[in-house]
Amino acid sequence: MSDVDGRSTTSTRPVDVLARAAAEVLEAGRGLGEDALREVLSLPDSRLSELLDLAHRVRLRWCGPEVEVEGIVSLKTGGCPEDCHFCSQSGLFPTPVRAAWLDIPGLVRAARQTAASGATEFCVVAAVRGPDDRLLRQVRAGIEAIRADPATRELNIACSLGMLTGDQVAELAAMGVHRYNHNLETARSHFDRVVTTHTWEERWSTLQMVREAGMEVCCGGIIGMGETIAQRAEFASQLAELDPHEVPLNFLIPNPGTPFEHYPVVEGPEALRTVAAFRLALPRTVLRFAGGRELTFGDLGARQGMLGGINAIIVGNYLTNLGRPAGEDLDMLAELNMPIKALNSTL
């Protein structure tokens, strides 16, 4: 259109980032790119409710209303040779965690507790650079025992055992492991500030082999490790490139004895903005509340997160940190009218 002098009066103002997101993500199902994600992560608190509402609508449209519930257990705790600066299980730091192994009966008991909570996923985790023969034998025996128990045989079993070789990937797939977790942890540009004993590329290589073997890829990271807003946007974009089935979103717990023990806890509004931004980057992905949510969000913030893009949750305790009682999380889901995903008999 034009005014009486014939000059154009069409607005040249850029389209608001949430309006663009509504068109690109909500309507078309395309995740936001890195530049747009930086804008989202920089939105003021006054627009947080609007952002969370959009992320929730994206989640409902592209993932549905169900929530996937998972329990995790540490098969081998502590004594890890890597120097991940956030982790109390590293044997290189003076943390209170000591190396320990869980026996097979203990593993089955943990699986029963997970199944009793209504969860469909059970993840076996080990604090290692990568599995040796002893650990793989233990994992195989554990899976066989879980499959033999009537109370747990229907659980989907996932593993998180560090970096893998091609032969180890094939072996886990043959055991019936349907999903493998290996977190990239942070943006590629920030990784060497977090870990120095291995590279981001080594982790990426394991994830590519897992996908090629037909297992589902679970890959996320930790927010609050000194990364910038731009690096959070970079990380979300790199995860979108990987296209994992699941992204566990953790928030730093400053564990005593680790190099990050004095890092501040991410504040609630900042954390909620991050949750929503990751949903807008990954509209079809299982986005899971994981470690640190109790400390970062509290009860009210957890509800806001569930209504701001999250569609999966870990119940019970984490690896070396306590979580909320599973019943409290299940009650929260019931109050929010969020159905728990049923076991898929085809898996």
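Above this text is the structure in question.
Small disclaimer: the values here were computed from a predicted structure and weren't measured.

Peer 1: In this structure, what is going on with the packing of helix α10 (residues 293-306) against helix α11 (residues 326-335)? I would like to understand it.
Peer 2: For any two helices packed against each other, the geometry is given by the interaxial angle and the distance between the axes. The geometry of α10 relative to α11 is characterised by a closest axis approach of 10 Å and an angle of 25° between their N-to-C directions. Here α11 runs roughly parallel to α10, going by the angle between their axes. Facing α10, whose interface residues are Arg-293, Ala-302, Arg-303 and Met-306, α11 presents Asp-329, Met-332, Leu-333 and Glu-335. Residues of the contact of α10 with α11, tallied by class, amount to four nonpolar, no polar and four charged.

Peer 1: Explain helix α8 (residues 229-242) to me, please; I cannot follow it from the model alone.
Peer 2: Side chains that are three or four residues apart share a direction in an α-helix, a result of its 3.6 residues per turn. Counted at 1.5 Å a residue, the expected span for α8 with its 14 residues is 20 Å, and the 20 Å between its end C-alpha atoms agrees. Most of α8 sits out of view: ten of its 14 residues are buried. Positive phi appears at Asp-243, one or two residues downstream of α8, with a value of about 55°.

Peer 1: Explain the nonpolar core to me, please; I cannot follow it from the model alone.
Peer 2: Grouped burial of nonpolar side chains is what soluble globular proteins tend to show. Phe-122, Val-139, Leu-161, Leu-172, Leu-184, Phe-278 and Leu-280 are the most contacted members of the largest nonpolar core, which totals 95 residues. Looking at this core element by element, the count peaks at eight residues for helix α9 (residues 268-281). With residues near it in sequence (within four places) discarded, Phe-122 still touches Glu-70, Gly-71, Val-73, Leu-107, Ala-110, Ala-111, Thr-114, Ile-146, Leu-155, Asn-156, Ile-157 and Ala-158. Judged by nonpolar contacts, the second largest core, of six residues, contains Cys-123, Val-125, Ala-158 and Ile-314.

Peer 1: Sorry, what's going on with the side chain of Glu-185 here?
Peer 2: Of note, Glu-185 is situated in the loop between β5 (179-181) and α7 (200-212). We classify Glu-185 as buried; its relative accessible area is 7%. At a separation of 3.3 Å, a polar atom in the side chain of Glu-185 contacts the side chain of Arg-203. Ignoring sequence-local partners within four residues, the contact set of Glu-185 consists of Phe-86, Arg-203, Gly-220, Gly-221, Ile-222, Met-225 and Phe-235.

Peer 1: Is there a simple way to explain the environment of Thr-285 in this structure?
Peer 2: By the secondary structure assignment, Thr-285 is in the loop between α9 and β9 (286-289). Residue classification places Thr-285 among the buried residues on the basis of a relative accessible area of 4%. Measuring from C-alpha to C-alpha, the distance between Thr-285 and Glu-50 comes to 21 Å, with 235 residues separating the pair along the chain.

Peer 1: When you look at the side chain of Glu-227 in this model, what are you seeing that I'm missing?
Peer 2: Structurally, Glu-227 can be placed in the loop between β7 (221-223) and α8. Separated by 2.7 Å, the side chains of Glu-227 and Arg-232 make a polar contact. When sequence neighbours within four positions are dropped, the list of residues in contact with Glu-227 reads Thr-186, His-190 and Arg-232.

Peer 1: Is there a simple way to explain the packing of aromatic side chains in this structure?
Peer 2: Two measures describe an aromatic ring pair: the distance that separates the ring centres and the angle between the ring planes. If you walk through the whole model with that rule in mind, you get five aromatic pairs. The interplanar angle of 70° and the centroid separation of 6.0 Å between the aromatic rings of Phe-235 and Phe-278 together place this pair among those described as edge-to-face. Within this pair, whereas Phe-235 is found in helix α8, its partner Phe-278 is found in helix α9, the two being separated by 43 residues in sequence. Taken individually, Phe-235 and Phe-278 each receive the classification buried, so the pair is uniform in this respect. Aromatic rings pair up to connect Phe-251, Phe-289 and Phe-297 into one cluster. Positioned over the ring face of Trp-101 is Arg-134, at 3.8 Å from the centre of the ring. Here the guanidinium or amino end of Arg-284 rests over the ring plane of Trp-62, the centre of that ring lying 4.3 Å away.

Peer 1: I keep staring at the pattern of salt bridges and nothing clicks. Help me out?
Peer 2: Side chains that carry opposite charge are capable of pairing whenever their charged atoms lie near each other. Per the stated rule, a full pass over the model turns up 27 salt bridges. Glu-171 is the salt-bridge partner of Arg-140, the closest N and O atoms lying 2.2 Å from each other. Taken together, the residues span a long stretch of sequence, with Arg-140 in helix α5 (residues 133-148) and Glu-171 in helix α6 (residues 166-175) at a distance of 31 residues. By sharing partners, the salt bridges in this structure join Glu-68, Glu-70, Glu-121, Arg-179, Glu-216, Glu-246, Arg-288 and Lys-341 into a single network.

Peer 1: Is there a simple way to think about the environment of Asn-311 in this case?
Peer 2: Counting through the fold element by element, Asn-311 comes out in the loop between α10 and β10 (312-314). Taking the C-alpha atoms as reference points, Asn-311 and Asp-16, 295 residues apart in sequence, are found 26 Å from one another. Look past the residues within four positions of Asn-311 in its chain and what remains in contact with it is Arg-59, Cys-63, Glu-66, Val-67, Glu-68, Arg-279, Thr-285, Val-286 and Leu-287. Among the polar contacts made by the side chain of Asn-311, one reaches the side chain of Arg-279 at a distance of 2.9 Å.

Conventions we followed
- Residues numbered from 1 in each chain as written.
- Predicted model: local features only at pLDDT ≥ 70, side-chain atom pairs only at ≥ 80, totals over all residues.
- Heavy atoms only, no water.
- Axes fitted to C-alpha atoms, helices over the stretch in contact; angles between N-to-C directions.
- Helix = DSSP H or I, 4+ residues; strand = E, 2+ residues; numbered from the N terminus.
- Parallel < 35°, antiparallel > 145°, perpendicular 65-115°, else oblique.
- Contact = heavy atoms within 4.5 Å.
- Nonpolar A, V, L, I, M, F, W, Y, C, P; charged D, E, K, R; others polar.
- Expected span 1.5 Å × (residues − 1).
- Buried < 20%, exposed > 50% of the residue type's maximum accessible area, 1.4 Å probe, protein only.
- Core = buried A, V, L, I, M, F, W, Y, C linked by side-chain atoms within 4.5 Å.
- Polar contact = N/O pair within 3.5 Å; in protein donor to acceptor, adjacent residues only side chain to side chain.
- Phe/Tyr/Trp six-rings, centres within 6.5 Å; stacked < 30°, edge-to-face > 60°.
- Lys NZ or Arg CZ within 6 Å of the ring centre and 35° of its normal.
- Salt bridge = Lys/Arg side-chain N within 4 Å of Asp/Glu carboxyl O.

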